[in-house]
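If you want the building blocks of each chain, they are given just below.
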Amino acid sequence: MIALATTRTKKEKDITALGIKVTLKPEYRITPPPPLLPRVGDVPRSSFQFDFGLERKVLAEAEKENPDWTKFGSEHPPPPPANFSQPPPANFPQPPPAHSMGVDPVVMKYAGLNREAVNIAVANYGDNPTKVHEFANGFTAIREMGFPTNAVADALFMFENDTEKALSHLLHGSS
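Remember, it's a predicted structure, so these values are computed and weren't measured experimentally.

Cut-offs applied
- Residues numbered from 1 in each chain as written.
- Predicted model: local features only at pLDDT ≥ 70, side-chain atom pairs only at ≥ 80, totals over all residues.
- Heavy atoms only, no water.
- Core = buried A, V, L, I, M, F, W, Y, C linked by side-chain atoms within 4.5 Å.
- Buried < 20%, exposed > 50% of the residue type's maximum accessible area, 1.4 Å probe, protein only.
- Helix = DSSP H or I, 4+ residues; strand = E, 2+ residues; numbered from the N terminus.
- Contact = heavy atoms within 4.5 Å.
- Expected span 1.5 Å × (residues − 1).
- Polar contact = N/O pair within 3.5 Å; in protein donor to acceptor, adjacent residues only side chain to side chain.
- Salt bridge = Lys/Arg side-chain N within 4 Å of Asp/Glu carboxyl O.
- Axes fitted to C-alpha atoms, helices over the stretch in contact; angles between N-to-C directions.
- Parallel < 35°, antiparallel > 145°, perpendicular 65-115°, else oblique.
- Left-handed = near helix turned anticlockwise from the far one by under 90°.
- Nonpolar A, V, L, I, M, F, W, Y, C, P; charged D, E, K, R; others polar.

(A) Structural detail: the nonpolar core. Grouped together as the largest cluster of nonpolar side chains are 19 residues, with contacts concentrated most on V118, F135, F139, I142 and L156. Looking at this core, the elements that each hand over two or more residues are helix 4 (115–125), helix 5 (129–143), helix 6 (149–158) and helix 7 (163–172). With five residues, the single largest contributor to this core is helix 5. Discounting residues that sit within four places of it in the chain, L156 has contacts with F135, G138, F139, I142, N161, D162, T163 and A166.

Shown next, in the form of structure tokens:
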């Protein structure tokens with residue numbers, strides 16, 4: 001048996017455990033988190049409580065043919081549901097006729113198409129649905145590419161609404 005002579009400090013003598021002593025470099029030591037600032041006060045919480053029972057009663061009353069809103073203490077009962085099968089009352093404002101707004105009724109017929117394109121097409125082709133649709137679709141597609149309005153319209157007229165030929169003309173300057 002070999003006896004090892006070591007010098008121990010008083011603290012080490014009190015420890016009677018065997019093991020390996022590990023020392024961490026200061027940069028790897030975990031430090032306690034920095035102290036937080038004291039809170040000024042608690043965040044106010046809402047004390048609102050939704051009344052689901054009342055909501056069920058209101059919904060049940062609304063489904064009745066003749067609801068009685070007085071039992072809910074409401075001074076302003078909800079309006080009755082709209083019945084779209086009845087004509088609007090006489091004092092209900094009606095839209096003005098299209099011709100009084102400066103809109104051509106022929107142009108209004110092509111709702112859903114590019115209005116600028118329809119105006120140009122109707123001015124050139126009249127009320128020809130096939131030509132107006134062809135022109136409006138080609139015009140919209142080429143205008144979305146960034147070409148100027150007049151150049152697009154001229155190219156489409158020149159090539160009888162052939163979008164590919166009109167686009168080629170605009171891109172290359174020739175047919």
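(B) Layout of the environment of N137. Within the secondary structure layout, N137 lies in helix 5. Classification of N137 by relative accessible area gives partly exposed; the value is 47%. Measuring from C-alpha to C-alpha, the distance between N137 and T163 comes to 8.7 Å, with 26 residues separating the pair along the chain.

(C) Molecular detail of helix 2 (residues 52–63). Between its first and last C-alpha atoms helix 2 spans 17 Å; for 12 residues at 1.5 Å apiece the expected length is 16 Å, and the two agree. At the N-terminal boundary of helix 2, the capping side chain belongs to D51, with an oxygen 3.2 Å from the backbone nitrogen of G53.

(D) Quick look at the pattern of salt bridges. What the rule picks out here adds up to two salt bridges. When the shortest N-O distance is used, the salt bridge between E61 and K64 registers 3.1 Å. Classification of E61 as buried rests on a relative accessible area of 3%. By relative accessible area, K64 is classed as partly exposed at 43%. With a shortest N-O distance of 2.7 Å, K109 and D127 are connected by a salt bridge. Of the two residues, K109 sits in the loop between helix 3 (105–108) and helix 4 while D127 sits in the loop between helix 4 and helix 5, which places them 18 residues apart along the sequence.

(E) A look at the packing of helix 4 against helix 6. Where helix 4 contacts helix 6, the two axes come as close as 12 Å, and the packing angle between them is 45 degrees. One way to sum up the angle between helix 4 and helix 6 is to call them oblique. In the crossing of helix 4 with helix 6, the sense of the turn from one axis to the other is right-handed. When helix 4 is examined against helix 6, the residues E116, I120, N124 and Y125 are found in contact with a partner set consisting of T149, A153 and F157. In the contact of helix 4 with helix 6, the residues fall into four nonpolar, two polar and one charged.

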